[in-house]
Amino acid sequence: MRSVRRATVAAALLLAGLFGIAAAQESVPPPKQEWSFGGVFGTYDLAAAQRGFQIYSEVCSNCHSMRLMYYRDLSGIGLNEAQIKAVAASVQVPVGLNDQGEPVNGPGTPASRFKSPFPNDLAARAANNGALPPDLSLIVNAREGGADYVYGILTGYQDPPENFKLQEGMNYNEYFPGHQIAMPRPLQDGQVEFAGGAPNATADEAHDVVTFLAWTSNPELVERKQMGIRAVLFLTLMTGLTYAVKRKIWAEVH
Amino acid sequence: MAGLYKSDYENPVIRWIDTRLPIFSLMQKEYGTFPTPRNFNYFWNFGALALVTLVIMMATGIFLAMNYSPNTGLAFDSVQRIMRDVNYGWLLRYTHQNGASMFFMVVYIHIFRGFYYGSYKYPRELLWMIGVVILLLMMATAFMGYVLPWGQMSYWGATVITNLFSAIPVIGQTVVTWLWGGFSVDNPTLNRFFSLHYLLPFVLFGVVFLHVVALHITGSNNPLGIEVKTPQDTLPFHPYYTIKDSVGLCVFLIVFAVFVFFVPHTLGDPNNFIPANPLQTPADIVPEWYFLPFYAILRSVPNKLGGVTLMFASILVLFVLPWLDTSPVRSARFRPLYRPFIFVLVLSLFALGAVGAHKPEGLWVVLGRVCTAYYFLHFLVILPVLGVLERPLPLPESISRPVLGPPGGGGPMPAGAAAKPMEKS
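The structure contained in this document is the topic of the report that follows. Numbering of residues begins from 1 in every chain and follows the order in which that chain's sequence is written. Going through the entries in the order they are written, you letter the chains from A and number the ligands from 1. Where local features are concerned, this predicted model is filtered to residues with pLDDT of at least 70; where side-chain atom pairs are given and counted, the filter is 80 or more; whole-chain, interface and lining totals use all residues. Computation of side-chain values: all heavy atoms of the structure, hydrogens and water removed.

1. Description of empty space enclosed by the protein
Then step 1. Definitions used for this entry: grid spacing 1 Å over protein atoms alone; cavity, a set of points where a 1.4 Å probe fits but cannot get out; pocket, an open set with protein on both sides within 12 Å along at least 5 of 7 lines; lining residue, one with an atom within 4 Å of a point. Grid points are joined across faces, edges and corners, and a volume is the space filled by probe spheres set on the points. Enumeration over the complete set of coordinates arrives at three cavities of 30 Å³ or more.
Then step 2. Computed from the structure, the largest cavity encloses a volume of approximately 160 Å³.
Then step 3. Contributing to the lining of the largest cavity are 15 residues, with Tyr146(B), Gly157(B), Ile161(B), Val286(B) and Pro287(B) lying nearest its centre.
Then step 4. Looking at the lining of the largest cavity, the elements with two or more residues in it are helix 6 (125-147) and helix 7 (152-163) of chain B.
Then step 5. Broken down by class, the residue content of the lining of the largest cavity amounts to twelve nonpolar, two polar and one charged.
Then step 6. Within this model, the second largest cavity holds a volume of roughly 50 Å³.
Then step 7. Lining the second largest cavity, in full, are Leu138(A), Asn141(A), Ser217(A), Pro219(A), Glu220(A), Gln80(B), Met83(B), Arg84(B), Arg93(B), Tyr94(B), His265(B) and Phe273(B). Under the scheme used here, helices are H or I runs from DSSP no shorter than 4 residues and strands are E runs no shorter than 2 residues, and both carry numbers assigned from the N terminus. Three classes are used: nonpolar for Ala, Val, Leu, Ile, Met, Phe, Trp, Tyr, Cys and Pro, charged for Asp, Glu, Lys and Arg, and polar for all others, with Gly counted as polar.

2. A word on a nonpolar patch on the surface
Then step 1. Patch membership requires over 30% relative accessible area and the absence of a salt bridge. Like charges are linked within 9 Å, and nonpolar side chains (Val, Leu, Ile, Met, Phe, Trp, Tyr) within 5 Å. Note on areas: Shrake-Rupley with a 1.4 Å probe; residue coverage comes only from the protein chains shown. Here, a salt bridge means any side-chain nitrogen of Lys or Arg that lies within 4 Å of a carboxyl oxygen of Asp or Glu. Nonpolar side chains collect at one region of the surface, where Leu377(B), Leu380(B), Val381(B), Val385(B), Val388(B) and Leu389(B) lie side by side and expose about 550 Å² of accessible area between them.
Then step 2. Judged by its relative accessible area of 43%, Leu377(B) falls in the partly exposed class. Only protein chains enter the accessibility calculation, which uses a 1.4 Å probe; a residue is then buried when its area is under 20% of its type maximum, exposed when over 50%, and partly exposed in between.

3. Concerning the packing of aromatic side chains
Then step 1. Put simply, two rings from Phe, Tyr or Trp (the six-membered ring, in Trp's case) pair if the centres are within 6.5 Å, and we call them stacked under 30 degrees between planes, edge-to-face over 60, tilted for the rest. Tallied over the full model, the rule gives 43 aromatic pairs over all chains.
Then step 2. Judged by centre distance (5.0 Å) and plane angle (45°), the ring pair of Trp44(B) and Tyr117(B) falls under tilted. One end of the pair, Trp44(B), is in the loop between strand 1 (35-37) and helix 3 (46-65); the other, Tyr117(B), is in the loop between helix 5 (89-116) and helix 6, and 73 residues separate them in sequence. When sorted by exposure, Trp44(B) lands in the same class as Tyr117(B), which is buried.
Then step 3. Residues Tyr375(B) and Phe379(B) carry aromatic rings whose centres are separated by 5.1 Å and whose planes lie at 70° to one another, so their mutual orientation is edge-to-face. Note that Tyr375(B) and Phe379(B) are positioned in helix 15 (residues 363-389) at a spacing of four residues, about one turn of the helix. Phe379(B) shares its class with Tyr375(B); the two are buried.
Then step 4. Through successive ring pairs, a cluster of aromatic residues spans Trp250(A), Tyr31(B), Phe40(B), Phe43(B), Trp44(B), Phe112(B), Tyr116(B), Tyr117(B), Phe237(B), Tyr240(B), Tyr241(B) and Phe343(B).
Then step 5. Two limits define a charge over a ring: the Lys NZ or Arg CZ must be within 6 Å of the ring centre, and within 35 degrees of the ring normal. Sitting over the ring of Tyr70(A), Arg72(A) keeps its end group 4.2 Å from the ring centre.

4. Section: the packing of helix 4 (residues 75-84) of chain B against helix 5 of chain B
All names here are of chain B.
Then step 1. Fitting a line to C-alpha atoms yields each axis, with helices limited to the stretch in contact; the angle taken between N-to-C directions then spans 0 to 180 degrees. Contact geometry for helix 4 and helix 5: axes closest at 5 Å, N-to-C directions at 120°. Every residue of helix 5 that contacts helix 4 at Val79, Ile82 and Met83 is listed here: Gly89, Trp90, Arg93 and Tyr94.
Then step 2. Residue classes in the contact of helix 4 with helix 5 are distributed as five nonpolar, one polar and one charged. We call two residues in contact whenever any of their non-hydrogen atoms come within 4.5 Å of each other.

5. Looking at helix 3 of chain B
Residues and elements named next belong to chain B.
Then step 1. One less than the number of residues in a helix, times 1.5 Å, gives the span that helix is expected to have. Between its first and last C-alpha atoms helix 3 spans 28 Å; for 20 residues at 1.5 Å apiece the expected length is 28 Å, and the two agree.
Then step 2. Those residues of helix 3 that sit buried are Phe46, Leu49, Ala50, Thr53, Leu54, Met57, Met58, Thr60, Gly61, Leu64 and Ala65.
Then step 3. Structurally, helix 3 contributes buried residues whose contacts are with helix 4, helix 5, helix 9 (187-218) and helix 10 (237-262).

6. Some thoughts on the interface of chain B and chain A
For interface size, the figure often reported is the accessible area lost on association.
Then step 1. The interface is formed by 46 residues belonging to chain B together with 51 residues belonging to chain A.
Then step 2. Values labelled buried area give the accessible surface lost by two parts on being combined, using a 1.4 Å probe and summing over both. Together, the buried faces of chain B and chain A total about 4200 Å²; carbon and sulfur atoms form 72% of this surface.
Then step 3. Considering only the surface of chain B that becomes buried against chain A, Arg84(B), Phe261(B) and Phe262(B) emerge as the three largest contributors, covering 16% of it.
Then step 4. Between chain B and chain A we count two salt bridges in total.
Then step 5. Between Arg72(A) and Asp85(B) there is a salt bridge, with the nearest N and O atoms lying 3.2 Å from each other.
Then step 6. Two N or O atoms count as a polar contact when they lie within 3.5 Å, although within protein this holds only if one can serve as hydrogen donor and the other as acceptor, and sequence-adjacent residues are included solely when both atoms are side-chain atoms. The tally of links from chain B across to chain A stands at eight residue pairs in polar contact (both at pLDDT 80 or more).
Then step 7. Residue assignment for the side of chain B that touches chain A shows that the elements contributing at least two residues are helix 4, helix 5, helix 10, helix 14 (338-356) and helix 15 of chain B.
Then step 8. Ranked by the residues each element gives to the side of chain B that touches chain A, the list is headed by helix 10 of chain B, at 16 residues.
Then step 9. Class assignment for the residues of the side of chain B that touches chain A results in 35 nonpolar, four polar and seven charged.

Encoded structure:
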């Protein structure tokens, strides 16, 4: 048995070493943040998510689409039916054909998808110096580092170090791979005014909008974790019971 | 008279059926009274766990298929619709997605059990070979399933892996075009992968049935690796092993649940949350963790055909393992030289996994080659030679002796078996 343990320890050390080497080669990891939705008991801070939706609407949605989201989904961050209808009605979306068979636009409904800023990718590139602003529906899941990474990007704008050659129209960002990002700094101190007077420094805004984006990426998270706690508790109880029965059944043969 | 089966059942309904179709007698014989070695440890849970996982995968998969659209324009969004709008769709999908990882984890431990206790040796060679067929079918199914969500890694993984067949001399490119159903991975590829991904698990289930039939002919191996000699060496499968498997199943389900409910993305790749884009190659194309060691073997050879050959050979060599291992002793407990080597093999497979996850540069290339070399050396050279050189420890007389006999008596006892009665007191 001792040789097994020694081999396991040796393997663990070797593997830790290997991953250490790997980590050193990659770009700057964004610092870890405290998130309301982190951990086993995490839930979304709905006030932050609602402020985040305001930031998305006022800032991000000028360039970034969110095509997997419907206005009805906003009930997930605590908006009531009237609020959702009002939000949806504030945009014009295609609502079908008129009597002459021509496509017509009308106010959105809760069943409408979030309105995209551009009709297609080509139009988006044309308006953004050739770069395509990625769809944000799943952005927190779609990036290594998740919420911390997105927060890092939003707060990581700096002056480039000396000797760093920044290409025309690009911006320096500490946490973007290669440090050259086409997106100009999106959030400034005090840029978005919140109704309740919540703090709105860049870091606060970034924190709120990332909470919102984490929710759009994983709207099932709260339900999932709460079900998970019950499932694990139940299974632990079952393990104990089953093990007790096993001991009883096996008692006579040992 | 027309032959009715002689049934022992009293209940008239069961008896009526059982005399005509003796499934009750069969189940009683194979899963009730089936004589099973009395000394299994918890490694012997993993076959049952694998079967349960297969059933979970098929059950969740059938419901996912009801809501999935195998079309390049719809696949990604239909998976997200399952995640967001289908009732408990996220649960079905996370269970299925993480279930694939759980399946490989369980099966890899099951295979390690076979390595360590020599379960592949006479008379269980065919049982082992059927197991290797199961592994190959699992790999094909998992690969095609990974393509279905049509994310970036789905698309590029499919491109890389199907392109491996272009290494076949002369007909390679034709074969690849035939596999794709076109000139690149596209809608026909997605359609056939969906169809086959639905079909293969049923084939797999059939082969698992053969695996179990073969097992019930030879009987199970056991930690001592010696054959059952007397009825004293065995216990009926039920209730002794049904309850022991249940304990293992509960613990396994806890691990499964932790992945599904708390860290469902840990084993996946963030790139697969980006819809497939044939015009943009991701920085790294990495397979799922369970393929990483084989991916590392593939890349350890600078020649494409050589790499592909070696990768397939790394699985195919398992088919002849029963004849490569020349030692008559099964369990590593009694093989002082084989025992360290099996841990070196496991270590090299873990290292190959790490190699597969990284760009083939610098140290990783060297490590990949060393471990690949060891992998084949282990099977092709070390195992045949060990059987000749090694002096195995004396084997216990029977399974029941070291378990029932007084400590210190009844011949040499393996450390593990001797420790057990003491833990109980």
